[in-house]
Amino acid sequence: MLNKRVEEALNEQIVREDHSSQLYLAMASWADTNGYAGTSEFLYRHSDEERLHMLKMVRFVNERGGKAIIPGVEKPAQDFASMKQIFEEIQSHEQMITNKINEIVQICLEEKDFTTHNFMQWYVSEQLEEEALISKVLDKLKLAGEDKGALYMFDSDMEKMEGQQSNPNMA
Ligand code: OFO
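Residues numbered from 1 in each chain as written. Predicted model: local features only at pLDDT ≥ 70, side-chain atom pairs only at ≥ 80, totals over all residues. Heavy atoms only, no water.

Q: Sorry, what's going on with the overall build of the chain here?
A: The helix and strand tally for the chain stands at five helices and zero strands. Helices and strands in the chain line up, N terminus first, as α-α-α-α-α. Compactness check: the chain gives a C-alpha radius of gyration of 17 Å against a globular reference of 16 Å for 171 residues, within 12% of the reference. Projected onto its principal axes, the C-alpha coordinates of the chain cover approximately 55 × 30 × 25 Å. (Helix = DSSP H or I, 4+ residues; strand = E, 2+ residues; numbered from the N terminus. Rg over C-alpha atoms; globule rule 2.2 N^0.38 Å.)

Q: What is the right way to look at the packing of helix H1 (residues 4-32) against helix H3 (residues 83-110) in this model?
A: Axis separation between H1 and H3 bottoms out at 10 Å; the angle between their running directions is 170°. Taken together, the axes of H1 and H3 lie roughly antiparallel to each other. Looking at the contact of H1 with H3, its residues break down into 16 nonpolar, four polar and seven charged. (Axes fitted to C-alpha atoms, helices over the stretch in contact; angles between N-to-C directions. Parallel < 35°, antiparallel > 145°, perpendicular 65-115°, else oblique. Nonpolar A, V, L, I, M, F, W, Y, C, P; charged D, E, K, R; others polar.)

Q: Just checking my understanding: could you explain H3 for this structure?
A: Along an α-helix, residues three or four apart share an orientation, since each turn contains 3.6 residues. For H3, with 28 residues, the first-to-last C-alpha span of 41 Å sits near the 40 Å given by 1.5 Å per residue. At the exit of H3 stands Lys112, carrying a positive phi of roughly 55°. (Expected span 1.5 Å × (residues − 1).)

Q: Got a minute to help me understand the nonpolar core in this structure?
A: Within soluble globular proteins, side chains that are nonpolar generally end up buried alongside one another. Of all hydrophobic cores here, the largest spans 24 residues; its most connected members are Met27, Phe42, Leu43, Ile86, Phe87 and Ile90. Put simply, the parts of the chain that give this core at least two residues each are H1, helix H2 (37-63), H3, helix H4 (114-144) and helix H5 (148-160). Apart from residues lying up to four places away in sequence, Phe42 is in contact with Phe87, Leu133, Ile134, Val137, Met158, Met161 and Glu162. Counting residues in hydrophobic clusters, the runner-up holds 21 residues, among them Val6, Met57, Phe60 and Cys108. (Core = buried A, V, L, I, M, F, W, Y, C linked by side-chain atoms within 4.5 Å. Buried < 20%, exposed > 50% of the residue type's maximum accessible area, 1.4 Å probe, protein only. Contact = heavy atoms within 4.5 Å.)

Q: Which parts of the structure should I look at to understand the packing of H2 against H4?
A: Packed helices, taken two at a time, are described by the angle between their axes plus the distance between the axes. Where H2 meets H4, the closest approach of the two axes is 12 Å, and the angle between their N-to-C directions is 170°. Between H2 and H4, the angle falls in the class roughly antiparallel. In this structure, H2 uses Phe42, His46, Glu50, His53, Lys56, Met57 and Phe60 to contact H4, whose residues at the interface are Thr115, Thr116, Phe119, Met120, Trp122, Tyr123, Glu126, Glu130, Leu133, Ile134 and Val137.

Q: Got a minute to help me understand the side chain of Glu94 in this structure?
A: Residue position: Glu94 is located in helix H3. Among buried charged residues, Glu94 stands out as having no salt bridge; its nearest opposite-charge side chain is Arg16, 11 Å away. Leave out the neighbours within four places in its chain, and Glu94 touches Tyr24, His46, Glu50, Gln127, Glu130 and Glu131. (Lys, Arg positive; Asp, Glu negative; His and termini not counted. Salt bridge = Lys/Arg side-chain N within 4 Å of Asp/Glu carboxyl O.)

Q: Please explain H2 as it appears in this structure.
A: Helix length check: H2, at 27 residues, gives a terminal C-alpha distance of 39 Å against a target of 39 Å (1.5 Å per residue), a fit within 8%. Of the residues trailing H2, Gly65 is marked for its positive phi of about 90°.

Q: Even after reading the chapter, I still don't get the pattern of salt bridges, so can you show me in this structure?
A: A side chain of one charge can pair with a side chain of the opposite charge if their charged atoms are brought near each other. For the structure shown, the criterion picks out eight salt bridges. For the salt bridge of Lys4 with Glu7, the shortest nitrogen-to-oxygen distance reads 3.0 Å. With a gap of three residues between them, Lys4 and Glu7 both fall in helix H1, about one helical turn apart. Overall, the relative accessible area of 55% leaves Lys4 in the exposed class. For Glu7, a relative accessible area of 8% gives the class buried.

Q: When you look at the environment of Leu128 in this model, what are you seeing that I'm missing?
A: Summarising the element assignment, Leu128 is placed in helix H4. Sequence separation between Leu128 and Gln95 is 33 residues; the distance between their C-alpha atoms is 9.7 Å.

Okay, here's the thing in structure tokens:
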């Protein structure tokens with residue numbers, strides 16, 4: 001059976017992964033309707049990835065004899081001032097997620113749940129990749145500044161920009 005404290009921590013993380021997916025979907029929709037077609041593709045993909053993170057955790061909790069609680073949909077912000085605001089928000093959101101993932105790893109150690117500790121390492125590496133990716137995007141945005149031509153180039157680059165390299169193994 002899954003340790004109760006670990007199960008609760010994982011269920012709280014399921015809510016956060018779901019919320020991340022919705023938040024990035026709202027950002028994708030904003031970008032799509034504000035002339036940033038390339039960036040919207042990047043954000044749609046990112047939203048899908050977050051949903052996979054949630055599903056991976058749901059399956060794990062259930063496989064280990066716990067019960068995954070499926071959260072309701074919380075309406076995220078719908079309007080953003082600029083691309084810079086979007087990516088700064090993603091950066092601080094992902095930093096918060098990294099802290100939460102680390103807290104779960106700590107709980108696993110305290111409860112001596114080494115199986116979940118092992119499972120969580122995938123999320124630890126994923127966060128490392130995501131934070132590196134977002135800071136790369138922010139560097140590009142800073143270089144572009146307010147220049148319309150540079151922002152146009154940025155947007156078309158984003159369409160091709162890879163998301164996470166690792167594949168969320170659902171098995
Ligand atoms: Fe980037 O948040 Fe999922 O893990």
